[in-house]
Amino acid sequence: MTGSADWKSFSARLDSALELNPTEREAWLESLAREQPAHATRIRELLASAPAMERAEFLAGAVPAGDESSGLLGARVGPYAIESEIGRGGMSSVWRARRDDGRIEGFVAIKFVSLAAMGMGGEARFRREGLLLGRLDHPNIARLLDAGIHGETQQPYLVLEHVDGVPIDTHCDEARLTARARIELFLRVLAAVAHAHGHLVVHRDLKPSNILVTRDGTVKLLDFGIAKLLESDELTTRTGELALTPQYAAPEQVLGQAITTQTDVYALGLVLHRLLTGRHAVSFEGRVRADLVHAVVDADLPKPSTVEPGVPELRAELAGDLDNIVAKALRKAPAERYATATALAEDLARYLRFEPVTARPDTLSYRAAKFVRRNRGGVLAASLVTIALIAAAAIATWQMFEARRQRAVAEWEVERANAQIELTDQVLTQFAERGERLTPELLVDRSVEFVEKRFASRPEFAVGFLINLSGRYMNLGNTQKELAALVKAVELAERSGDPLLLARAECNAVETEIEAGRPDRARARLERGLAAFERSATSDGTSGFDCLYAKARMLNAQGDLAGAIAGATDAMRLLEAEDAVLTLRFHSGCSLLAMLHAADLDLREAIRWNRIDIDALERGERGRTELMLGARVNRSQILGAAGEWAAALASHRETIAEFFPDSPDGALHASYLAWMGTGLLETGDPAASRSWLARAEAGARETGNEASLLRALNGAAKADLALGRPGDARRMLVEVARVAEAGGEAFRAQLISAQLTEAEILLAEGDTPAAERAFDALLAKLGYPKLRRVRGLTRALEGKSASALARGDAASAARWAEEARLVASVIALDPERSADVGDAWLALARARAASGAATDAERTAEHAARVLLAGRGPAHASTRAAQALARGGR
């Protein structure tokens, strides 16, 4: 069947056949064979399979299992002792088993396959396919560890990774996830399916119960490739019974036709429908078998938005693109579906980015609607202009009076513009007269001097100028001069008696006080700024944004990350309401939200805000400004937080070369120097890293930027440890502790990093008990195991694994390494490119090698090497260690 028309034609004939009695049906089929032989043959095959479907309770339940698995409780399968039954299905039973041979401790799941599911000569094929499928290696696929034949009955079994989780639909409903959150979770499923398809393995039985979500939010697909193990041409021909779950079967499975990757796409569409509505796309209750066959083969399935949802708050999000995406995945003809799981994932990603999707006609009105959604501020502004023009004739009289009111505003704007021109002209003239070399910092210095002299009597101009100039100092990394400019702005604002001016000046100084390591002064400035704002008889979006932004920075410094994100989001709403999406404040808000989400380890959201920031700067023609430089560096830092250090360093180098082609490091302020040093360290060049970090330390001391100083000192300590200089590293850590403790909660992350380095030094020096105590204390401080999305947690878990290995406990080392891998995988943008995930895989490989499981160790190390090569590059010691272990070395 090549298209929807052919399917409809076939369906109509199938309906006719089902309505006839056997005698009439045979005559009708003979007639059909003369006109449509292909349809007649297909219908005969389907009708012939009906008795088997009835015996199997097709679309109503599972095939009763045989009794081959009876008596398994307490039995041994190789090194495993069976402890309890986990579940039972139509052709198998699943048991939890513990490995207790003294080499590796841990649980596995053993699936015993019914002998009826295996064809003649199936044992050899079962073993062969088991080895092939065991090569699937993806963080979201439960690994197939082994396959074999058990006992005198020669019963086939599979040894699988044990997954402690709940079905994905249960997880989504219990957590009451939004549609967006459900889609983001489902994208991990699609990534795993795409990985398997890339290895030419089709699942054939995708359903919620085969997709589990663990307590830490990790998705795990079960039984990948099991259907291929169960496949037997001889069995299918003989009985017509198929290895599938009817409720999630594709039409071609029901009809016994060719199985392709698009068969999995259909099942994925049904799973997505279930996640978005809380209900299955087809009702199975009270339906006769023939109706159910018809529903699978031809009946149109309901759009998600038309289904009464199990979670009512989802319904509003379903109409439109999501309806169309699900409908395309559920097309009856395979050729009309998404070609791959990746194509489905790409369309869902477009939906999340408010971009046009491929699952609907590409009409002008549709693209226009998407443009409005992505660019609400700009489109709203244009719409308002249009409305104003249309309404002009009707409200001419009102406009006359409004014009008078606006004239005063316009005159003030002209006056301010003239003041800005005068500022620029006078400052540049001074440079020309004095013959001074023009540098960015000296230009700002001269500008501040001129503002103080020329506009001291006009605080409404001077305060705004000084606040903007302080921002230039911030971009240059000079915290001392930044704060001095803001103090002058506060003094002028107080003298003016204007509470809005005072609110702006005080609130803008909050962030600077935090960067200088003075949280108490920051808190006092915020309180004065908010009080001034409340005293004002009028308000504006500018002052409101400045105060909400400052409050978000203060909440973050106090450790209230959720409150900070909520406050920064409220601040951005003020700008969007005023269509101020191309302003400097919009850039500040985007940068803050990207930073806050990165600190919360919600790196996808961090990258999203960074992209919004860069896009707004480009649209505002600020592509070659310090603002764009900062946004580009922020992107590199987010990639680093995601463990993609090779990409982060490459991006940072490209940015620096583009913005500072003649002076690659001399013009950089301390935070950029420290970031370059960190990137070099994390990609395997500690010597070069140490040089950059030394310059960052000197620059931070000179400008009084304690946040940058802590980054430089922490990086230098790690570099010294990598270079075999633990004594130098400890000297750095002493100062980190002193500065960070004085800064309080604002510098907590830097203090944790220093304490992790101290524990790693103890381990490197061979003091394993002290190191393990230090790692235990850090895990408690990080809130583990209750909290799992915490910066530094992966590093602490890997430290526990290394400590356990150092004292000879390979089993514990493996458990801690696996825990580190799970935590890192949840945080990563892409687990296949995350150095943190790669380091955890390497720790697991080392634990398996120590336990004597050489083959497992080499395979795990091979995966670790691949991930570390992407995340850290070829020069890092971890990458080289993983490559050596994969070749059988230690």
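Residues numbered from 1 in each chain as written. Predicted model: local features only at pLDDT ≥ 70, side-chain atom pairs only at ≥ 80, totals over all residues. Heavy atoms only, no water.

Draft legend 1. Expanded view of the overall build of the protein chain. Along the protein chain, the regular secondary structure elements total 39 helices and 9 strands. Looking at the protein chain residue by residue over its 890 residues, the buried ones come to 51%. Considering only intrachain contacts with a sequence separation of at least 6, the fraction spanning at least 24 residues in the protein chain is 62%. Carbon together with sulfur atoms contributes 53% to the accessible area of the protein chain, which is approximately 39200 Å² in total. (Helix = DSSP H or I, 4+ residues; strand = E, 2+ residues; numbered from the N terminus. Buried < 20%, exposed > 50% of the residue type's maximum accessible area, 1.4 Å probe, protein only. Contact = heavy atoms within 4.5 Å. Areas by Shrake-Rupley, 256 points an atom, 1.4 Å probe, with all protein chains shown as cover.)

Draft legend 2. Here's a closer look at helix α29 (residues 670-682). Given a rise of 1.5 Å per residue, 13 residues ought to cover 18 Å, and the 18 Å separating the end C-alpha atoms of α29 matches this to within 8%. Taken across its 13 residues, α29 has 13 buried, putting it largely inside the fold. Among the residues trailing α29, Gly684 stands out with phi positive, at a value near 105 degrees. (Expected span 1.5 Å × (residues − 1).)

Draft legend 3. Structural detail: the pairing of strand β8 (residues 211-214). Of the two faces of β8, the one lined by Ile211 and Val213 and the one lined by Leu212 and Thr214 are each fully buried. Connecting the antiparallel pair β8 and strand β9 (residues 219-221) is a turn made up of 4 residues, with Gly217 showing a positive phi of about 90 degrees. (Pairing = 2+ DSSP bridges.)

Draft legend 4. Seen up close, the side chain of Ser689. Within the secondary structure, Ser689 is located in helix α30 (residues 686-703). Note on Ser689: relative accessible area 0%, which makes it buried. Contact partners of Ser689, with chain neighbours within four places excluded, come to Gly677, Leu680, Leu681 and Ala719.

Draft legend 5. Structural context of the sheet that holds β9. Across the sheet, 3 strands lie side by side as β7-β8-β9; this open sheet has antiparallel pairing. Here the strands that pair on one side only, and so sit at the sheet edges, are β7 (165-167) and β9. For this sheet, the mean angle separating the axes of adjacent strands, direction not counted, is 35 degrees. With 3 bridges connecting them, β7 and β8 associate as antiparallel partners. By the bridge assignment, Gly165 is partnered in β8 with Thr214. Seen against the sheet, helix α7 (residues 179-198) touches β8 and β9 and runs at an angle of roughly 35 degrees to β9. (Axes fitted to C-alpha atoms, helices over the stretch in contact; angles between N-to-C directions.)

Draft legend 6. Highlighting the pattern of salt bridges. All chains considered together, the criterion is met by 40 salt bridges. Among the salt bridges present, the one from Asp173 reaches Arg182, with a minimum N-O distance of 3.0 Å. When its relative accessible area of 22% is taken as the criterion, Asp173 is described as partly exposed. Its relative accessible area of 1% is what places Arg182 among the buried residues. Between Asp347 and Arg350 there is a salt bridge, with the nearest N and O atoms lying 2.9 Å from each other. (Salt bridge = Lys/Arg side-chain N within 4 Å of Asp/Glu carboxyl O.)

Draft legend 7. How the structure looks around the environment of Gly679. Along the chain, Gly679 falls in helix α29. Relative accessible area serves as the criterion here: at 2%, Gly679 is assigned to the buried category. For the pair Gly679 and Ala650, spaced 29 residues apart in the sequence, the C-alpha separation amounts to 8.9 Å. Those residues in contact with Gly679, other than ones at most four positions away along the chain, are Trp645 and Leu649.

Draft legend 8. Main features of the packing of aromatic side chains. Per the stated rule, a full pass over the model turns up 3 aromatic pairs. Look at Trp645 and Trp675: their rings are 5.4 Å apart centre to centre, the planes differ by 35 degrees, and that puts the pair in the tilted class. With a gap of 30 residues between them, Trp645 in helix α28 (residues 645-659) and Trp675 in helix α29 connect regions that are remote in the sequence. By relative accessible area, which is 10% here, Trp675 ends up buried. When the ring centre of Phe107 is taken as reference, the NZ or CZ atom of Arg96 above it lies at 4.0 Å. Directly above the aromatic system of Trp609 lies the positively charged group of Arg608, at a separation of 5.2 Å from the ring centroid. (Phe/Tyr/Trp six-rings, centres within 6.5 Å; stacked < 30°, edge-to-face > 60°. Lys NZ or Arg CZ within 6 Å of the ring centre and 35° of its normal.)

Draft legend 9. Up close: the packing of helix α31 (residues 706-722) against helix α33 (residues 748-764). Interaxial distance between α31 and α33 falls to 10 Å at its minimum, and their mutual angle equals 10 degrees. Classified by the interaxial angle, the pair formed by α31 and α33 is roughly parallel. Along the contact surface, α31 presents Leu710, Arg711, Asn714, Ala717, Lys718 and Leu721, while α33 presents Gln750, Ser753, Ala754, Thr757, Glu760, Ile761 and Ala764. Of the residues in the contact of α31 with α33, the class split is 6 nonpolar, 4 polar and 3 charged. (Parallel < 35°, antiparallel > 145°, perpendicular 65-115°, else oblique. Nonpolar A, V, L, I, M, F, W, Y, C, P; charged D, E, K, R; others polar.)

Draft legend 10. Highlighting the environment of Leu158. Within the secondary structure, Leu158 is located in strand β6 (residues 155-161). Distance in space between the C-alpha atoms of Leu158 and Leu144 is 7.2 Å, their sequence separation being 14 residues.

Draft legend 11. Structural context of the nonpolar core. One finds Met572, Phe586, Leu596, Leu603, Ile638, Leu793 and Leu797 to be the most contacted residues of the largest nonpolar core, which totals 48 residues. When sequence neighbours within four positions are dropped, the list of residues in contact with Met572 reads Phe545, Phe586, Gly589, Cys590, Leu593 and Trp609. With 47 residues, the next largest nonpolar core counts Ile141, Leu177, Ile183 and Leu221 among its residues. (Core = buried A, V, L, I, M, F, W, Y, C linked by side-chain atoms within 4.5 Å.)

Draft legend 12. Representation of the side chain of His195 in the model. Residue placement: His195 occurs in helix α7. With a relative accessible area of 18%, His195 lands in the buried category. For His195, the residues in contact, after removing those within four places along its chain, are Leu136, Asp137, His138 and Ile141.

Draft legend 13. A look at helix α20 (residues 479-496). The first and last C-alpha atoms of α20 sit 26 Å apart over 18 residues, in line with the 26 Å expected at 1.5 Å per residue. Listed in full, the buried residues belonging to α20 are Thr479, Glu482, Leu483, Ala485, Leu486, Ala489, Val490, Leu492 and Ala493. One or two positions beyond α20, positive phi appears at Gly497, with a value near 75 degrees.

Draft legend 14. Highlighting the environment of Glu491. Positionally, Glu491 belongs in helix α20. On a C-alpha basis, the gap between Glu491 and Glu506 in space is 9.8 Å, while along the polypeptide they are 15 residues apart.

Draft legend 15. Fine view of the confidence of the model for the protein chain. For the protein chain, per-residue confidence averages 77 on the pLDDT scale, and residues scoring 70 or more make up 73% of the total. Long-range and interchain partners of residues 51-68, a stretch whose pLDDT sits below 50, account for 41 contacts in this model, where long-range means more than four residues apart. A low-confidence stretch, residues 229-243 stays under pLDDT 50, and its non-local contacts, those more than four residues away or across chains, total 30 contacts. (pLDDT = per-residue confidence, 0-100.)

Draft legend 16. Looking closely at unusual backbone geometry. Put simply, Tyr784 and Pro785 share a cis peptide bond, and its omega is 5 degrees. Tracing the backbone through its elements, the reader meets Pro785 in the loop between α34 (768-781) and α35 (793-806). Positioned with a positive phi, Leu601 is a non-glycine residue whose angle comes to about 60 degrees. Inspection of the secondary structure assignment puts Leu601 in the loop between α25 (584-599) and α26 (603-619).

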